[in-house]
Amino acid sequence: MGRPALPLGTHGEIQYCRRGSAWRAMTKFRDFDGITRRVERGGRTKAAAERALKIAIRDRTGPAGGAITGETRLRDVAEQWFSSVEDAVAGGTRSPSTADTYRSNLDRHVLPGLGGLRLRELTVPVVDRFLGTVRRNAGTASAKTTRSVLSGVLGLVVRHGALTANPVRETERIERGRAKGPRALTPGDRAEWLAKLDGDPVAVRRDLPDLCRFMMATGVRIGEALAVMWSEVDLDGGTVDVNHTVIRIKGRGLIRKATKSEAGERTLNLPEWAVRLLRRRQETTDHPDGPVFADSLGGLRDPSNTRRDLRSARGSEGFAWVTSHVFRKTAATILDEANLSARVIADQLGHARPSMTQDVYLGRKVVDPRAAAALESAAGITESRS
C-alpha cells in the first residue's frame with residue numbers, strides 16, 4: 001500500500017542541500033488541484049533558504065488555501081478576513097464607513113478579548129461569555145456589532161474547514177431593550193434651537209445655524225449636506241441634487257462617495273426660505289466651485305468634527321438629546337404632519353422602503369384626533385346607560 005497523500009495545502013519534510021556558497025531548501029507541496037509539486041528556494045544560509053521556502057509555501061496557499069487550522073490564532077484569521085472586507089470596499093460592494101466600523105471593533109473588542117486564542121478553543125460557551133462581557137462593558141450596540149464581526153471571521157474559518165460550525169450562531173441572541181420612539185423638534189423647539197445657535201458666536205463661526213436650517217429644509221444626512229457642491233444647486237429652479245456623501249477613509253482622508261443606494265440619489269425641491277438662504281451664501285462665498293458647507297479653506301468638511309461641534313453647541317441640558325439625525329427626523333415629521341404619504345417622505349429622505357421611514361423617522365407621539373372621530377361611527381358600540 002502506497003504512502004498516503006499529503007492533505008491539500010500542506011507540505012512534506014523540508015530537505016536542504018549546499019551548492020557552493022549558497023543553500024537550497026526544498027519540499028513537496030500538495031496544491032489545491034490535488035497535484036503534489038516540488039517547491040524549492042535558495043538563500044545565502046541554510047536558515048535564509050528555509051525562510052524563503054516557507055514564504056513561498058505561505059504565498060502558494062493564497063487567501064483560499066488551507067493554511068488555517070485549529071491551531072491558528074484568531075488574530076491571524078481576523079486580519080485575513082478584514083483584508084477581504086477592504087477588497088470589497090475597493091470593489092464598491094462595501095461602504096468605507098462599514099470597514100472603519102469593523103476595524104474599530106476588531107481593535108477595541110475582538111482582538112483584545114479573543115485574539116490570542118487558538119481556533120479550536122473558540123467554543124460556544126467561550127464566545128457567549130465574551131459577548132456578554134462586551135455588552136456589560138460597552139453596551140448592546142457594541143455587542144451586536146462585535147457579534148457580526150466575529151461571525152464574519154469565524155465564517156471564514158468554517159469555509160477553510162478549520163471548524164465544522166460557526167460557534168457565534170449558537171450564542172444567545174443580543175436583544176435590545178425597549179426602543180425609544182423617534183423624537184423630532186417641535187415648532188417651539190425649532191425656534192429655540194435656531195435662536196440658540198444664532199446667538200452663539202462659536203456656533204456661528206462654525207457655520208452651524210445655516211447647516212441646521214439646510215438639513216431641516218431637505219431632510220438630508222449630515223454627510224450628504226456636507227457633500228453638496230455649488231454646481232449641484234439650481235437656485236433659479238429651486239432644487240438641489242443629492243448624490244454623494246462625505247466620509248473619511250484611513251490613509252486617504254475625506255472623500256465624496258456615491259450614496260449607499262440608488263434611492264439615495266435624488267433631486268430635492270427647496271422651500272423658498274431655503275433658496276433665499278443659499279442665494280445669500282452663494283453671493284458671499286469665496287469658493288463658488290466648492291462645497292456649499294465648506295471648511296475654513298474651502299474644502300470638504302469632516303462630518304465627525306461637525307457632529308462634535310453640534311454636541312458642543314447643544315450643551316448638556318435642554319437640547320442634550322439633539323443630534324444631527326434629529327434634523328432629518330424633524331423634516332420627516334413636518335412632511336408627515338402635512339399629510340404627505342410615506343412613499344413621498346421616503347423619496348425625500350432617500351429611503352428605498354417607506355416602512356423604514358415610518359418606523360424610524362416619524363416622530364409621532366400625539367394621536368391624531370381624527371382617529372376618535374372615525375371611531376364614533378363604529379357599528380355596534382353604544383353608550384351604556386344605568
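Data block above holds the structure.
Here's a quick rundown of the structure. (Residues numbered from 1 in each chain as written. Predicted model: local features only at pLDDT ≥ 70, side-chain atom pairs only at ≥ 80, totals over all residues. Heavy atoms only, no water.)

When helices and strands are counted, the protein shows 15 helices and eight strands. Considering the protein as a whole, with its 386 residues, one finds that 39% of them fall into the buried category. Across the protein, the fraction of contacts at a sequence separation of at least 24, relative to all contacts at a separation of at least 6, is 58%. About 22,500 Å² of surface is accessible on the protein, with carbon and sulfur atoms providing 49% of the total. (Helix = DSSP H or I, 4+ residues; strand = E, 2+ residues; numbered from the N terminus. Buried < 20%, exposed > 50% of the residue type's maximum accessible area, 1.4 Å probe, protein only. Contact = heavy atoms within 4.5 Å. Areas by Shrake-Rupley, 256 points an atom, 1.4 Å probe, with all protein chains shown as cover.)

With that settled, the discussion passes to the sheet that holds strand β2 (residues 22–30). Strand order in this open sheet of three strands is β1-β2-β3, and the pairing throughout is antiparallel. In the strand order of this sheet, the two ends are held by β1 (15–19) and β3 (36–43), each with one partner. If you compare each strand with its neighbour and ignore which way they point, the axes differ by 25° on average. Of the pairings in the sheet, the one linking β1 to β2 comprises five bridges and is antiparallel in character. (Pairing = 2+ DSSP bridges. Axes fitted to C-alpha atoms, helices over the stretch in contact; angles between N-to-C directions.)

Before going further, it helps to examine the nonpolar core. One broad trend across soluble globular proteins is that nonpolar side chains are buried collectively. Ranked by internal contacts, the top residues of the largest apolar core, which has 38 residues, are Trp 193, Phe 214, Val 233, Val 240, Leu 278 and Phe 327. Among the elements of the structure, α6 (187–198), α8 (208–218), α9 (222–227), β5 (239–242), α10 (272–284), α11 (303–314) and α12 (324–337) are those that each provide at least two residues to this core. For this core, the leading source of residues is α8, giving seven residues. In this view, Val 240 contacts Phe 214, Thr 218, Val 228, Glu 232, Val 233, Arg 266, Thr 267, Leu 268 and Leu 270; residues no more than four positions away in its chain are not counted. (Core = buried A, V, L, I, M, F, W, Y, C linked by side-chain atoms within 4.5 Å.)

A few words on the pattern of salt bridges. For side chains of opposite charge, pairing can occur when their charged atoms come near one another. What the rule picks out here adds up to 16 salt bridges. In this structure, the salt-bridge partner of Glu 79 is Arg 103, at a minimum N-O distance of 3.1 Å. Of the two residues, Glu 79 is situated in helix α2 (residues 74–90) and Arg 103 in helix α3 (residues 96–114); the sequence distance between them amounts to 24 residues. The partner of Asp 210 in a salt bridge is Arg 280, and the shortest N-O contact between them spans 3.1 Å. Placement of the pair is Asp 210 in helix α8 and Arg 280 in helix α10, with a sequence separation of 70 residues. If you follow the salt bridges from partner to partner, you end up with Asp 207, Asp 210, Arg 280 and Arg 281 in one network. (Salt bridge = Lys/Arg side-chain N within 4 Å of Asp/Glu carboxyl O.)

The three strands are arranged β4-β5-β8 in an open sheet whose pairing can be described as antiparallel. Sheet topology places β4 (233–234) and β8 (266–269) at the edges, where each strand pairs with a single neighbour. The pairing of β4 with β5 spans two bridges and is classified as antiparallel. Within β5, the position partnered with Val 233 by the bridge is Val 240.

Turning to the side chain of Thr 218, a few remarks are in order. You can see Thr 218 is positioned in helix α8. Here the side chain of Thr 218 touches Val 220 through a polar contact of 3.4 Å, landing on its backbone nitrogen. Residues in contact with Thr 218, not counting those within four places in the same chain, are Val 240, Leu 268, Leu 270 and Gln 348. (Polar contact = N/O pair within 3.5 Å; in protein donor to acceptor, adjacent residues only side chain to side chain.)

Judged by which residues are buried, β8 turns out to be one-sided: Arg 266 and Leu 268 face inward and are buried, whereas Thr 267 and Asn 269, on the alternate face, are not. The pairing of β5 with β8 spans four bridges and is classified as antiparallel. Looking at β8, one finds that Val 242 is bridged to Arg 266.

Within the chain, Asp 207 stands out as a residue other than glycine whose phi angle is a positive 65°. By the element assignment, Asp 207 lies in the loop between α7 (201–205) and α8.

For Glu 232, the location among the structural elements is in the loop between α9 and β4. For Glu 232, a relative accessible area of 13% corresponds to the buried category. The residues contacting Glu 232, other than those within four sequence positions of it, are Ala 227, Thr 239, Val 240, Asp 241, His 244 and Arg 256.

Turning our eyes to something else, we now look at the environment of Ala 346. Looking at the element boundaries, Ala 346 is found in helix α13 (residues 342–349). Residue Ala 346 is classed as buried on the basis of its relative accessible area, which comes to 0%. Once the C-alpha coordinates of Ala 346 and Ala 332 are considered, the two residues, 14 residues apart in sequence, prove to be 8.4 Å apart.

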